[in-house]
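Chain by chain, the residues:
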Amino acid sequence: MHLLKRDQLRGLRIVGIAAALFAVVAMLGLAGCSSSLPAAGNVQNKAAKTLEDKGVRIIDVRTTSEFEAGHIPEAENVPLDQLSAAMGSWDKTEPILVYCATGSRSVEAMQILVSAGFTTVYNLQNGIVAWDGDVTSGPGGTVVGSLAPSASGLPVLYEFYTDW
Amino acid sequence: MKPVVDGLKKEYEGKVEFKLYNVEKDAEGANLANQLGAQFVPTFEFVNADGSINKEIVGEVSEAQLRQQLDALK
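Residues numbered from 1 in each chain as written. Chains lettered and ligands numbered in written order. Predicted model: local features only at pLDDT ≥ 70, side-chain atom pairs only at ≥ 80, totals over all residues. Heavy atoms only, no water.

(A) The arrangement of the pairing of strand 6 (residues 121-124) of chain A in detail. Residues and elements named next belong to chain A. Here strand 6 shows two buried faces, one formed by Val121 and Asn123 and the other by Tyr122 and Leu124. Relative to strand 6, strand 2 (residues 41-43) runs parallel, the two sharing three bridges. Note that in strand 6 the partner of Gly41 across the bridge is Tyr122. Taken together, strand 5 (residues 96-99), helix 5 (residues 105-115) and strand 6 constitute a β-α-β crossover, and its handedness is right-handed. (Buried < 20%, exposed > 50% of the residue type's maximum accessible area, 1.4 Å probe, protein only. Helix = DSSP H or I, 4+ residues; strand = E, 2+ residues; numbered from the N terminus. Pairing = 2+ DSSP bridges. Right-handed = clockwise from strand over helix to strand, strands pointing away.)

(B) Summary view of the sheet that holds strand 5 of chain A. All names here are of chain A. If you trace the five strands from one edge of the open sheet to the other, you get 2-6-5-3-4, paired in parallel fashion. Both edges of this open sheet fall to strand 2 and strand 4 (76-77), since each of them pairs with a single strand only. Relative to strand 5, strand 3 (residues 57-60) runs parallel, the two being bridged by four bridges. Paired with Ile58 across the two strands is Leu97, which belongs to strand 5.

(C) Layout of the environment of Thr136 of chain A. All names here are of chain A. With respect to the helices and strands, Thr136 occurs in the loop between strand 6 and strand 7 (156-161). What makes Thr136 partly exposed here is its relative accessible area of 30%. For the pair Thr136 and Pro73, spaced 63 residues apart in sequence, the C-alpha separation works out to 5.4 Å. When neighbours within four sequence positions are excluded, Thr136 is seen to be in contact with Gly70, His71 and Pro73. (Contact = heavy atoms within 4.5 Å.)

(D) The arrangement of the sheet that holds strand 7 of chain A in detail. As summarised here, the arrangement of the four strands in space is 1(B)-7(A)-3(B)-4(B), forming an open sheet in which the pairing is mixed. Both edges of this open sheet fall to strand 1 (17-22) and strand 4 (53-58) of chain B, since each of them pairs with a single strand only. Recorded for the sheet is a direction-independent mean angle of 15 degrees between the axes of neighbouring strands. Pairing between strand 7 of chain A and strand 1 of chain B: six bridges, direction parallel. Residue pairing across strands places Val156 of chain A opposite Glu17 of chain B, the latter belonging to strand 1 of chain B. Where helix 3 (residues 63-72) of chain B meets the sheet, it contacts strand 7 of chain A together with strand 1, strand 3 (43-47) and strand 4 of chain B, and its direction lies at approximately 25 degrees from that of strand 3 of chain B. (Axes fitted to C-alpha atoms, helices over the stretch in contact; angles between N-to-C directions.)

(E) Inspection of the interface of chain A and chain B at higher detail. Between chain A and chain B, the contact holds 38 residues from the first and 49 residues from the second. Roughly 4,300 Å² of surface becomes buried between chain A and chain B when both sides are summed, with 58% attributable to carbon and sulfur atoms. Counting every contact that joins chain A to chain B gives zero salt bridges. Our count for the contact surface shared by chain A and chain B stands at 13 residue pairs in polar contact (both at pLDDT 80 or more). Broken down by secondary-structure element, the contributors of at least two residues to the side of chain A that touches chain B are strand 1 (4-5), helix 1 (8-34), helix 3 (64-69), helix 4 (80-86) and strand 7 of chain A. It is strand 7 of chain A that contributes the most residues to the side of chain A that touches chain B, six residues altogether. Here the residues of the side of chain A that touches chain B are counted per class, giving 18 nonpolar, 12 polar and eight charged. For strand 7 of chain A and strand 3 of chain B, the ladder comprises five bridges, and the chain directions are antiparallel. Among the inter-strand pairings, Tyr158 of chain A is bridged to a residue of strand 3 of chain B, identified as Glu45 of chain B. (Buried area = accessible area lost by both parts, 1.4 Å probe. Salt bridge = Lys/Arg side-chain N within 4 Å of Asp/Glu carboxyl O. Polar contact = N/O pair within 3.5 Å; in protein donor to acceptor, adjacent residues only side chain to side chain. Nonpolar A, V, L, I, M, F, W, Y, C, P; charged D, E, K, R; others polar.)

(F) Examining the nonpolar core more closely. Residue and element names in this part refer to chain A. Core analysis: the biggest nonpolar cluster contains 15 residues, and Ile59, Leu83, Trp90, Ile96, Val98, Leu113 and Phe118 have the highest contact counts within it. Only helix 4, strand 5 and helix 5 provide two or more residues apiece to this core. Among the elements that line this core, the one with the most residues is helix 5, at three residues. Among all residues touching Phe118, those that are not within four sequence positions of it are Met87, Trp90, Asp91, Lys92, Ile96 and Leu113. Of all hydrophobic cores here, the second largest spans 14 residues; its members include Ala48, Phe67, Ala75 and Tyr122. (Core = buried A, V, L, I, M, F, W, Y, C linked by side-chain atoms within 4.5 Å.)

The following block contains the structure:
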């Protein structure tokens, strides 16, 4: 199954934005690498904030609904059960800070990443419940619109596909 | 993808409504995709009963991911 553009022009615009975002993220990553970072492993809030300030990649390994209820502003949501699939395309030398609710799932995430060869992995030791930094809520850009409530009163899964 | 979605459709009957649109053939589906800003196929939109979008997934998706998002719908 291939991903296809419905509208080539709009699609290209998205690719452009994605490329620009990638460039910004790459620059932030380089900025982070060029300064000294705390030692990898478990970190408390203070060190985690240093990592946040340096633009280190932050991965929230909780479920999507937990993430949407409140997360560290720069965090990406990669639920623990999707981490192994997602990390295949990541740069193993890029520092990563993982966290969850209380620091239990994120320890597992850290072990998965370290076992896979990631060189600099941090775990927010007591999770977001102990986090005293900024938190934002919402789905983080995944929501693009909304619809009228369904006539059936049930939630709805829409799938848009082609025969290609 | 179709067998997986069809299987889940039966399993979630009475809990989640499944609406599948071939955007090349179905004008209503194409309009809906535009309304939701879905620019690629396949795209999955998980919509709560109140009409709010809970999650959008673009591209290939595993059965486990589908189940997770279906279970998260309110």
